[in-house]
Amino acid sequence: MYTSNTFAYRVILFLTIVTKFKFDETKLVHDFLYVVVQWGLPTVSTGAVLGMLAGVLSGCIESIGDYYACARLAGAPPPPIHAVNRGNYGN
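Residues numbered from 1 in each chain as written. Predicted model: local features only at pLDDT ≥ 70, side-chain atom pairs only at ≥ 80, totals over all residues. Heavy atoms only, no water.

Counting its regular elements, the chain contains four helices and zero strands. Its helices and strands in sequence order give the chain the pattern α-α-α-α, from N to C terminus. Expressed as a percentage of the 91 residues in the chain, the buried residues total 7%. Of the roughly 8,000 Å² of accessible surface on the chain, a fraction of 70% belongs to carbon and sulfur atoms. (Helix = DSSP H or I, 4+ residues; strand = E, 2+ residues; numbered from the N terminus. Buried < 20%, exposed > 50% of the residue type's maximum accessible area, 1.4 Å probe, protein only. Areas by Shrake-Rupley, 256 points an atom, 1.4 Å probe, with all protein chains shown as cover.)

This next bit is on helix H3 (residues 46-74). An ideal rise of 1.5 Å per residue puts 42 Å on 29 residues; H3 measures up with 42 Å between its terminal C-alpha atoms. Gly75 sits one or two residues past H3 and shows a positive phi near 75°. (Expected span 1.5 Å × (residues − 1).)

So far we have only geometry, and geometry alone does not tell us how the molecule works.
Put into structure tokens, the structure is as follows:
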């Protein structure tokens, strides 16, 4: 079991080796896989995917409302649709 200090040390050491020295890609992949498999392979469930999609959708809807609320508070005219679309695309 690694403590956070040991893990941080390994990350710093790994980044130092990668940025300052020539390295073998196969060893790099092996070291990466060792760190990933150390805690187990990542898992994805249907509930997690649907929860994330719901969060993204609600964030987009809330963002649209924020544009109109800010315009109303500032006393400015409502933003044009293309500006709201462009702003939502950036989110």
